[in-house]
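As a plain string of letters, each chain reads:
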Amino acid sequence: MTTSNPFFEPSELPYGLPPFARIRTEHFRPAFARGMAEQLDEVAAIGACAEPATFENTVEALERSGAVLGRVCRVFFNKVATDTDEEIQAIEVEIAPRLAAHDDALLLDSALFARLDALFERRAQLGYDAEQLRLLERHHTSRVRAGARLAPEQQRRLRELNAAIAARSTEFGQNLRAATAAGALVLDSAEELAGLPADQVAAAAANARALGHEGKFVLPLKNFSQQTELAALDDPALRARLLAASLGRGADTNGPVAVALAALRAERAALLGYPSHAAWEVADRTAGTTGAVEDLLGRLVAPATANAAREGAALAEAAGVPEVGAADWQYYSERVRKERFAVDASVLRPYLELEAVLHDGVFHAAGLVYGITFTARPDLVSYHPDARVWEVHDADGSPLGLYIGDFHARESKRGGAWMDALVPQSRLLGDKPVVVNNLNVAKPPAGEPVLLTWSEVHTLFHEFGHALHGLFSDVRYPLLSGARVPRDFVEFPSQVNEVWADWPEVLAHYARHHVTGEPMPPELPARLREAETFGAGFRMVEHQAAAVLDWAWHSLAHGDAPDADGAAAFEAAALERYGLAVAAIPPRYRTGYFSHVFAGGYAAGYYGYRWAEVLDADTVRWFRENGRTIRESGEIFRRELLSRGNSVDPLDAFRAVVGRDPELAPLLARHGLDG
């Protein structure tokens, strides 16, 4: 293993693509062990250096450390998310607390901190450039926030808390994967799926065969509350079953885990001198204070709930009932869209074939705005047969990096959509980026086209915006690379990229019937945009409800967490307190399956989607109104923001593009809330 482990040496493949053809499960444990040991030795050597601290022998040396560990972490956690199995899950349970302890060892190393602290105190006299100053500040701040100034006994407790949080987060994610799989509906006949488009019925049959239910049909659960099939299924009882399965998953297994995580995070925040985990998190975000977050969330509640109430009244009228419940909301929304706006989601889908959306939409838009091109590289082996590789070139033909697209759902893959960097860009290390986009689009039977919903089209453009953030990164130091920006800023570039989905020139290029090649009827896009406004209240309320639920859990003071069985009551009280207890509109994520905050990096950060959308809506207005061509505007956005990663203050990057501080008005107008 010492000589054959593919993680022990840099990959010789183009762009440092991990050698997936050689990687086996048995390589992970020894690579983690060697990677952690090597980095600890490297950090110990930095701290023990006899020479006075300099940027090169301290900060840059720290940036160069941990090469083996970085390689194995990026590949392993990509596999955890995209193609897991029982052995991988066992390694994850074992390794998560060890990695937490390793991070603590790096962040709390007193000799290293003393050298960083000495440089930080003298930084104004050392002649560093802006990126060097930013890097030093980030390393110093991360250690202070992690407890480097605490007394030894406090640090001991901090390490215990971090290990427990890591273990509980892993437990939450694995519980959720099991609950999501168990919650899938198994149906006996196609007749039960009346109303569902034929290709989705075929996909349900294929799902059943893959799971060993030959001759039956399976509707797997997606990671959010409102399942997309609810808009089409004619049987109200089946709609109710599907939503109940979605809302109930994880309640029994993950409710106590969520309570435990909230309590552990609150105790850690108190140890670090903060009133809550939310206060600790937001202090290092662009929002800056809990008051700023609460102000934004509060300002949006009244217009969102008022708009949702108007939508609900229209749905009730269409259904001929006093009010429409949560399981029926999307079904009658689709009926209203058909009647009021002459937009039928099932009519749209034949014009939204995956390959056309990807090549003639997403890639085409990237060429129009940024001048880049994509070339398929089937010769490069990725981590799964579904994951395809493209080489990306800049406008001048120079190589930019690799893009991997993995778009289909499978049993071994977690739900949702995301971007990862398998190789982060760094001029210090000579690395160009390798980035991955994951979606969870149902795979139809072999030979059948993959037809997307309009929501899935937007998701693809959104995740590709994250990919561009990684691909365009042009910084020296790995810590500042790509999308390694504050949590409430990271969604901003990805949300901006969604605008190209229905930009007329782009939409006309990809929205063609997959059989006839005919373009989408010209009247449909305008009606589609009009119909999108109807439903804005619902979308805002479900998202706000999730954001305040996250915020409530992580605003708890130490000692204030509910009992282990109190998650449901806490959730209900929080929604009521914030004015978002709308029975017909469940939160986009309930506690039991809110993996963003209990198994991911968004704890006290889910508000960031809305915070970032303020920046996004303002930037989209800038793209439309600044008087430059799209290509000229794209170059400014890339140069001043996308390429800078975290090497500058993120809001300074925004100001460099737009020329001023952000404004809320464009966001309200986008969602029809400005009236």
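Just above, that's the structure.
Quick notes on the rules
Residues numbered from 1 in each chain as written. Predicted model: local features only at pLDDT ≥ 70, side-chain atom pairs only at ≥ 80, totals over all residues. Heavy atoms only, no water. Helix = DSSP H or I, 4+ residues; strand = E, 2+ residues; numbered from the N terminus. Rg over C-alpha atoms; globule rule 2.2 N^0.38 Å. Buried < 20%, exposed > 50% of the residue type's maximum accessible area, 1.4 Å probe, protein only. Areas by Shrake-Rupley, 256 points an atom, 1.4 Å probe, with all protein chains shown as cover. Lys, Arg positive; Asp, Glu negative; His and termini not counted. Charge placed at Lys NZ, Arg CZ, Asp CG, Glu CD. Core = buried A, V, L, I, M, F, W, Y, C linked by side-chain atoms within 4.5 Å. Contact = heavy atoms within 4.5 Å. Axes fitted to C-alpha atoms, helices over the stretch in contact; angles between N-to-C directions. Parallel < 35°, antiparallel > 145°, perpendicular 65-115°, else oblique. Left-handed = near helix turned anticlockwise from the far one by under 90°. Nonpolar A, V, L, I, M, F, W, Y, C, P; charged D, E, K, R; others polar. Pairing = 2+ DSSP bridges. Patch = residues over 30% accessible without salt bridge, like charges linked within 9 Å, V, L, I, M, F, W, Y side chains within 5 Å. Salt bridge = Lys/Arg side-chain N within 4 Å of Asp/Glu carboxyl O. Phe/Tyr/Trp six-rings, centres within 6.5 Å; stacked < 30°, edge-to-face > 60°. Lys NZ or Arg CZ within 6 Å of the ring centre and 35° of its normal. Expected span 1.5 Å × (residues − 1). Polar contact = N/O pair within 3.5 Å; in protein donor to acceptor, adjacent residues only side chain to side chain.

Draft legend 1. Region of the structure containing the overall build of the protein chain. Regarding its fold elements, the protein chain presents 26 helices and seven strands. Over its C-alpha trace the protein chain gives a radius of gyration of 25 Å, about what one expects of a compact globule, namely 26 Å for 675 residues. Its C-alpha atoms give the protein chain principal-axis dimensions of about 80 × 60 × 55 Å. Sorting the 675 residues of the protein chain into buried and exposed places 57% on the buried side. Summed over its atoms, the accessible surface of the protein chain is roughly 26,400 Å², and 53% of this surface lies on carbon and sulfur atoms. Positive and negative side-chain charges in the protein chain, numbering 67 and 92 respectively, have mean positions lying 2 Å apart.

Draft legend 2. Here's a closer look at unusual backbone geometry. Backbone geometry places Tyr15, a non-glycine residue, at a positive phi of 65 degrees. Inspection of the secondary structure assignment puts Tyr15 in the segment before α1 (28–48). Taking relative accessible area as the criterion, Tyr15 reaches 16% and is therefore assigned buried. Residue Ala604 is not a glycine yet carries a positive backbone phi of 60 degrees. Mapped onto the fold, Ala604 is located in the loop between α22 (595–598) and α23 (608–625). According to the relative accessible area criterion, Ala604 is buried, its value standing at 1%.

Draft legend 3. Spatial organisation of the nonpolar core. Residues Leu193, Phe461 and Tyr510 are the most contacted members of the largest nonpolar core, which totals 161 residues. Beyond its immediate chain neighbours, meaning those up to four positions away, Phe461 contacts Val357, Gly361, Val362, Ala365, Ser494, Asn497, Glu498, Trp500, Ala501, Val506 and Tyr510. Core analysis: the second largest hydrophobic core is formed by 31 residues, Phe28, Ile88, Tyr383 and Val434 among them.

Draft legend 4. Main features of the packing of helix α15 (residues 354–370) against helix α16 (residues 454–471). The contact between α15 and α16 brings their axes to 11 Å, and the two run at 45 degrees. On the basis of their axis angle, the class for α15 and α16 is oblique. The way α15 lies across α16 gives a crossing that is right-handed. Contacts between α15 and α16 involve Leu354, Val357, Leu358, Gly361, Val362, Phe363, Ala365, Ala366 and Tyr370 on the former and, on the latter, Val457, Leu460, Phe461, Phe464 and Leu468. Here the contact of α15 with α16 is composed, by residue class, of 13 nonpolar, one polar and no charged.

Draft legend 5. Main features of the sheet that holds strand β7 (residues 434–441). The strand order across the open sheet built from five strands is β3-β4-β5-β7-β6, with neighbouring strands paired in mixed fashion. The open sheet has two free edges, formed respectively by β3 (373–376) and β6 (418–423), since each of these has just one partner strand. Neighbouring strand axes in the sheet, compared pairwise and without regard to direction, differ in orientation by 30 degrees on average. Pairing analysis gives four bridges linking β3 to strand β4 (residues 388–393), with the strands arranged antiparallel. By the bridge assignment, Ala376 is partnered in β4 with Trp390.

Draft legend 6. A look at the environment of Trp280. Along the polypeptide, Trp280 turns up in helix α11 (residues 277–282). Take Trp280: its relative accessible area is 13%, and that puts it in the buried class. Residues Trp280 and Leu176, spaced 104 residues apart in sequence, show a C-alpha to C-alpha distance of 27 Å. Beyond its immediate stretch of four places on either side in the chain, Trp280 contacts Arg145, Arg268, Ala269, Leu272 and Tyr274.

Draft legend 7. Representation of a negative patch on the surface in the model. On the surface, Glu26, Asp85, Glu86 and Glu87 cluster together into a negatively charged patch. Here Asp85 lies in the loop between α3 (67–82) and α4 (86–107). Using a relative accessible area of 32% as the deciding quantity, one classes Asp85 as partly exposed.

Draft legend 8. Region of interest: the pattern of salt bridges. One pass over the full model with this rule turns up 45 salt bridges. Here Asp394 makes a salt bridge to Arg638, at a shortest N to O gap of 2.8 Å. Residue Asp394 is found in the loop between β4 and β5 (399–408), and its partner Arg638 is found in helix α24 (residues 630–640); the two are separated by 244 residues along the sequence. Since its relative accessible area comes to 12%, Arg638 is described here as buried. Of the charged contacts in the structure, one is a salt bridge between Arg631 and Glu635, with a shortest N-O distance of 2.6 Å. A residue pair is termed a helical-turn pair when its members lie 3 or 4 positions apart in one helix, as Arg631 and Glu635 do in helix α24 at four residues. Several salt bridges converge on common partners, so that one network encompasses Arg134, Glu137, Arg138, Arg145 and Asp284.

Draft legend 9. How the structure looks around the packing of aromatic side chains. Counted by the stated rule, this structure contains 37 aromatic pairs. For the ring pair Phe363 and Trp390, a centre distance of 5.5 Å and an interplane angle of 75 degrees mean the geometry is edge-to-face. On the criterion of sequence distance, the pair formed by Phe363 in helix α15 and Trp390 in strand β4 is long-range, its members being 27 residues apart. Assigned by exposure class, Phe363 and Trp390 land together as buried. Site record: aromatic cluster; members linked through ring pairs are Phe489, Phe492, Trp500, Trp503, Trp622, Phe623, Phe637 and Phe654. It is Arg34 that lies over the ring of Phe8; its NZ or CZ is 4.0 Å from the centre. The lysine or arginine in question, Arg145, covers the ring of Trp280, its NZ or CZ lying 4.3 Å from the ring centre.

Draft legend 10. Fine view of helix α8 (residues 198–210). Compared with an ideal rise of 1.5 Å per residue, which puts 13 residues at 18 Å, α8 spans 18 Å between its outermost C-alpha atoms and is within 8% of the ideal. Buried residues of α8: Gln200, Val201, Ala203, Ala204, Ala205, Ala206 and Ala208, and no others. As for α8, its buried residues are in contact with β2 (217–219). Count one or two residues on from α8 and you reach Gly212, which has phi positive near 85 degrees.

Draft legend 11. Looking closely at the environment of Ala467. Within the element layout of this structure, Ala467 appears in helix α16. Those residues within four positions of Ala467 in sequence are excluded, and the remaining contacts are Tyr403, Met419, Val435 and Asn437.

Draft legend 12. Examining the side chain of Gln39 more closely. The topology assignment puts Gln39 in helix α1. With relative accessibility at 11%, the residue Gln39 sits in the buried group. Residues in contact with Gln39, not counting those within four places in the same chain, are Ser65, Gly66, Leu69, His102 and Leu106.

Draft legend 13. The arrangement of helix α17 (residues 487–497) in detail. Judged by how many residues are buried, α17 sits mostly within the fold: 10 of 11 residues are covered. Three or more residues of α17 are buried, namely Asp488, Phe489, Val490, Glu491, Phe492, Pro493, Ser494, Gln495, Val496 and Asn497. The inward-facing, buried residues of α17 abut α16, α23, α24 and α25 (650–658).

Draft legend 14. Quick look at the environment of Arg145. Among the secondary structure elements, Arg145 is positioned in helix α6 (residues 130–146). Along the backbone, Arg145 and Arg631 are 486 residues apart, and their C-alpha atoms lie at a distance of 41 Å. If we skip the residues at most four places from it in the chain, Arg145 touches Leu272, Tyr274, Trp280, Glu281, Ala283 and Asp284. A distance of 2.7 Å separates the side chain of Arg145 from the backbone oxygen of Trp280, its partner in a polar contact.

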